[in-house]
Amino acid sequence: MIRSVFGASVQGASHIRNGRECQDSLKKVVKDSGAVILSVADGHGSESCPYSKTGSFAAVNVFCKIMGDYLDTYAGQPEMLFTFLKREGDTKIAQEIDAEWKRRILRLHAKCKREMPLDENRNKDKGAVYKLYGSTLLGLVMTGDFLFAFQLGDGDIVKVSENGVYPVIEADKILGTETHSLSKLESWKKAITRIRRREENEQLPAMYMLSTDGLSNSYKNDEAFQKTCMDYYVLLKEHGVKAVSDRLKTWLQETSEMGSGDDITALFAYETAQVLQSGASDGA
């Protein structure tokens, strides 16, 4: 099996007009074992979260670091890692991500010499600091034996194959513009995780996509969003990874302009039984 990983973040059309930077972040890590860690985060970008780009950047780095450490710890012991993640994914793993993100945010806030908010008792208000950096987080760990998915807040993790499009995680849907956030106290309680074994004869090619809600919100309903996911899959099959990767940023910018106006990030893992004649790539 050949796995190619690529993605892009684009500044939303409305953010360009308003002079606001892109609040999204993405990160991928390819381990020597062949395992891949993918992560996407969406900083809230509101006036109450002025440093959410930093928050989303910290989020993807925290996820990749923690999951990378677990892959190293359990190297050569995939069954033990599977059992651990199945049992502890939405508790211990989520708690570690929550705690480490908050530690990094406090450290970054102090390093930048930003004012420390005080509560009504004149004590340091850490919760107020976290809110300044609010972000969601999506993550996916892919090994030869299993898939582990993590979600806190909005966005989508989907798989696409000849069988159609389906969500890897069914996330909580919150009405309006609110979303679960790493900035909330005990945010780990809102994390959702899923783990499943790889099928021995899994149908290939298959495409996995992590995307911030700026993408799905650009379509009038789930059906239209899923059609776009399938369109990307067909393009990958017919034209190869390089062709899609080279044009991805332009397509996402057009989607934002015609749709939500929000920042959009999409990160893909495309698996084939053999190298595409048009050339597969591991990155960018």
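Please read all numbers here as calculations on a predicted model, not as lab measurements. (Residues numbered from 1 in each chain as written. Predicted model: local features only at pLDDT ≥ 70, side-chain atom pairs only at ≥ 80, totals over all residues. Heavy atoms only, no water.)

**Q** How should I be thinking about unusual backbone geometry in this particular structure?
**A** Omega for the peptide link from L204 to P205 comes to 5°, which places this bond in the cis form. Tracing the backbone shows P205 in the loop between β8 (192-197) and β9 (206-211). Despite not being glycine, K113 has its phi angle at roughly 55°, a positive value. With respect to the helices and strands, K113 occurs in the loop between α3 (78-111) and α4 (126-132). (Helix = DSSP H or I, 4+ residues; strand = E, 2+ residues; numbered from the N terminus.)

**Q** Would you mind going over the sheet that holds strand β5 (residues 146-152) with me for this structure?
**A** Strands belonging to one sheet form pairs held by backbone hydrogen bonds; the direction of such a pair is parallel or antiparallel. Taken in spatial order, the five strands of this open sheet run β2-β3-β4-β5-β8, and their pairing is antiparallel. Edge strands, defined here as strands with exactly one partner in the open sheet, are β2 (24-30) and β8. Across the sheet, the mean angle from the axis of one strand to that of its neighbour is 5°, orientation sign disregarded. The pairing of strand β4 (residues 137-142) with β5 spans six bridges and is antiparallel. Across the sheet, L140 pairs through a bridge with A149, a residue of β5. In this fold helix α2 (residues 52-73) packs onto β2, β3 (36-42), β4 and β5, with an angle of close to 160° to the strand it touches most, β3. Together, β4, β5 and β8 form the strand contacts of α3, whose direction differs from that of β5 by roughly 5°. (Pairing = 2+ DSSP bridges. Axes fitted to C-alpha atoms, helices over the stretch in contact; angles between N-to-C directions. Contact = heavy atoms within 4.5 Å.)

**Q** Is there a simple way to explain the environment of T91 in this structure?
**A** Mapped onto the elements of the fold, T91 is located in helix α3. Expressed as a C-alpha distance, the spacing of T91 and K189, which sit 98 residues apart in the sequence, is 7.6 Å. In terms of polar contacts, T91 uses its side chain to reach the side chain of E88, at 3.1 Å. (Polar contact = N/O pair within 3.5 Å; in protein donor to acceptor, adjacent residues only side chain to side chain.)

**Q** What is the right way to look at the nonpolar core in this model?
**A** Where a protein is soluble and globular, its nonpolar side chains tend to be buried together. In this structure, M67, I97, W101 and F150 are the most contacted members of the largest nonpolar core, which totals 35 residues. Mapped onto this core, the elements with two or more residues apiece are β3, α2, α3, α4, β4 and β5. At ten residues, α2 tops the list of elements feeding residues into this core. If near-sequence neighbours (up to four positions away) are discounted, I97 is found in contact with V62, F63, I66, L137, F150 and L182. V10, M207, L236 and A266 belong to the second largest nonpolar core, which has 21 residues in total. (Core = buried A, V, L, I, M, F, W, Y, C linked by side-chain atoms within 4.5 Å. Buried < 20%, exposed > 50% of the residue type's maximum accessible area, 1.4 Å probe, protein only.)

**Q** For this particular structure, what's the right way to read the packing of helix α6 (residues 222-239) against helix α7 (residues 241-258)?
**A** In a pair of packed helices, the angle between the axes and the distance between the axes together describe the arrangement. At a minimum axis separation of 8 Å, α6 and α7 run at an interaxial angle of 145°. Relative to α7, α6 is oriented so that their crossing is right-handed. Here Y232, L235, L236 and H239 of α6 lie close against α7, whose contacting residues are V241, A243, V244, L248, W251 and L252. Residues belonging to the contact of α6 with α7 are distributed by class as follows: nine nonpolar, one polar and no charged. (Left-handed = near helix turned anticlockwise from the far one by under 90°. Nonpolar A, V, L, I, M, F, W, Y, C, P; charged D, E, K, R; others polar.)

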